[in-house]
Structure formats: structure tokens, C-alpha cells
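What the coordinates show
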Amino acid sequence: MQNENTTLPPKTCSIERLITMESDVKLVLSGKKTATRRNGRYADPGEVMTLEGRQFIVDRVYSQSLGELTDDDARSEGLSTVEEYKQSILAYHPGMPWLPHMRVWVHEFRPLED
């Protein structure tokens, strides 16, 4: 099996910018948010993100279209349904269209145990 890292394009931003909104930080720290979707690649698998002194390791990074989102995906974002996720994203980005074919980068992470 080919290493996922070799198939990923270069990062477009740094891991420090992966989770920045206070509401999202709280969801991660409470264990409700275990993934985040971005329009660019912010982390490599194995990179560590630090939020309020706690560390989280990125396990997987992959591309997904908005039309492929499931309620399970929304739950990994700390929300209940795809519709709830869609409304939260559109609230963060006024005027942004929700296009099912638009691709985003999924970053899945978990707490790094001491």
C-alpha cells in the first residue's frame, strides 16, 4: 500500500491555523470534534496540534467533496447532521455557495496521550 504522505500535495497553510475559532477549540477539547474540513491542506499525518496546552495528533488527511458528507462526518465535526454542518459553514463564510462537487481537505485527529 502506498504511503498516504507521498500522494498529498504541499500544505497550503500551517497546522497552527487548523483550529482557530474559539467554539471549535472548545468542541475539540471536549472530545466532540475529531475532524475539521478546510479548503486547503493545513497538516500532514503525524503532525501535532496544540490547543490550550493539550496536544492532538493528526491521523489522516484526505480530500472529500461536500456532496459526499454524511451525518457521521458532521458528528466528527461536533455537529449532528450534514444540514447543521452546512449552515454553520455558510454562517462562517457569508456569500459562499454550497457546491456538492467542491472538494475540501479532511483532517482527522485525536488526543495525544502523555
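Residues numbered from 1 in each chain as written. Predicted model: local features only at pLDDT ≥ 70, side-chain atom pairs only at ≥ 80, totals over all residues. Heavy atoms only, no water.

This paragraph deals with the sheet that holds strand β2 (residues 48-51). Across the sheet, which stays open at both edges, the four strands sit in the order β1-β4-β3-β2 with antiparallel pairing between neighbours. The open sheet has two free edges, formed respectively by β1 (35-38) and β2, since each of these has just one partner strand. Between one strand axis and the next, the sheet turns through 35° on average, direction left out of account. In terms of strand pairing, strand β3 (residues 54-65) meets strand β4 (residues 103-111) through nine bridges, oriented antiparallel. In the sheet register, Gln64 faces β4, and the bridge partner there is Val104. (Pairing = 2+ DSSP bridges. Helix = DSSP H or I, 4+ residues; strand = E, 2+ residues; numbered from the N terminus. Axes fitted to C-alpha atoms, helices over the stretch in contact; angles between N-to-C directions.)

The next point concerns the pairing of β4. In this structure, β1 lies alongside β4, joined through four bridges in antiparallel fashion. Residue pairing in the sheet places Thr36 in a bridge with His107 of β4.

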